[in-house]
Amino acid sequence: MKVIRKAGLIIVALLFFAGLAGAQVPTSGNVFFGYSYYNTDLSSIDRANTNGWEASVEGKVVPFLGFVADVDSHYGSQNFPICPVVPPGGGGPCGSFNASVTEHNYLFGPRVSFSVGRFRPFVEGLFGGAHVNANGGGSDTSFATALGGGLDYKIIRPLAWRFQGDYVQTRFFGTTQSNVRLSTGIVFRF
């Protein structure tokens, strides 16, 4: 009899805590996946145009405020300076080399949005980390921030199309990069 009471008490406790945990999960939100263009200045020579993808998940806390987890990956090439060691007082020619570049950003933060008919504009402030790998130029990890916004256009009830733009700042190799990220793709609402 004692075992049955303990088992019953455990089952009631589990159901109670499962109910409390379920109340903390956002009841609405969206998932986004799409193409992303990224313009970055990893090198002092020029800016690089890279292409890739972006994905995000948003959970709504209240109808106009949600929290976003955002990841992206971009691929391309960048010219980096290369200067030979020159004796004091002497000048020498500097050249450059081209390296394949891959950058990943992992960001999290709040998003404010509201609906106007079929449109849902939003603004966001995201914070997190970034990692870059330049074949032949090294790799680095840094803090990253993204400020931006976008517009979702509702196609049918659970589907929308997103246009988004963000200013992304990273700090690779001891310098600050000011990057532009433009993305578009499909949004699944729940």
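In this text the structure is predicted, and so the values were computed from the model without any measurement.

Draft legend 1. Seen up close, the confidence of the model for the protein chain. Mean pLDDT over the protein chain stands at 86; residues scoring 70 or higher make up 78%. Per-residue pLDDT, averaged within each element of the protein chain, yields its smallest value for helix H1 (residues 2-24) (57) and its largest for strand E7 (residues 159-170) (97).

Draft legend 2. Broad picture of the side chain of Glu58. Its location among the elements puts Glu58 in strand E2 (residues 48-62). Here Glu58 falls in the buried class, since its relative accessible area comes to 2%. Polar contacts involving the side chain of Glu58 include one to the side chain of Arg111, which spans 3.1 Å.

Draft legend 3. Layout of the pairing of strand E8 (residues 177-189). Direction of pairing for strand E1 (residues 29-40) relative to E8: antiparallel, over a ladder of 10 bridges. Within the sheet, the bridge partner assigned to Gly34 lies in E8 and is Gly185.

Draft legend 4. Region of interest: the nonpolar core. In this structure, Leu42, Phe80 and Val101 are the most contacted members of the largest nonpolar core, which totals 15 residues. Of all elements in the fold, only strand E3 (65-82), strand E4 (95-113), strand E5 (119-134) and strand E6 (138-156) reach the threshold of two or more residues within this core. With 4 residues, the single largest contributor to this core is E5.

Draft legend 5. Structural detail: the pattern of salt bridges. All told, the structure shown has 9 salt bridges when counted by the stated rule. The residue Asp72 makes a salt bridge to Arg181 at a minimum N-O spacing of 2.5 Å. Linking Asp72 in strand E3 with Arg181 in strand E8, this pair joins segments that are 109 residues apart in sequence. Both residues of the pair, Asp72 and Arg181, count as buried. For Arg181, the salt bridge goes to Asp166, with nearest N and O atoms at 2.9 Å. Taken together, the positions of Arg181 in strand E8 and Asp166 in strand E7 put the pair 15 residues apart, joining distant regions of the chain. Exposure remark for Asp166: the relative accessible area of 4% places this residue in the buried category. One salt-bridge network, held together by shared partners, links Glu54, Asp70, Asp72, Asp166 and Arg181.

Here is what the cut-offs are and how they apply
Residues numbered from 1 in each chain as written. Predicted model: local features only at pLDDT ≥ 70, side-chain atom pairs only at ≥ 80, totals over all residues. Heavy atoms only, no water. pLDDT = per-residue confidence, 0-100. Helix = DSSP H or I, 4+ residues; strand = E, 2+ residues; numbered from the N terminus. Buried < 20%, exposed > 50% of the residue type's maximum accessible area, 1.4 Å probe, protein only. Polar contact = N/O pair within 3.5 Å; in protein donor to acceptor, adjacent residues only side chain to side chain. Pairing = 2+ DSSP bridges. Core = buried A, V, L, I, M, F, W, Y, C linked by side-chain atoms within 4.5 Å. Salt bridge = Lys/Arg side-chain N within 4 Å of Asp/Glu carboxyl O.

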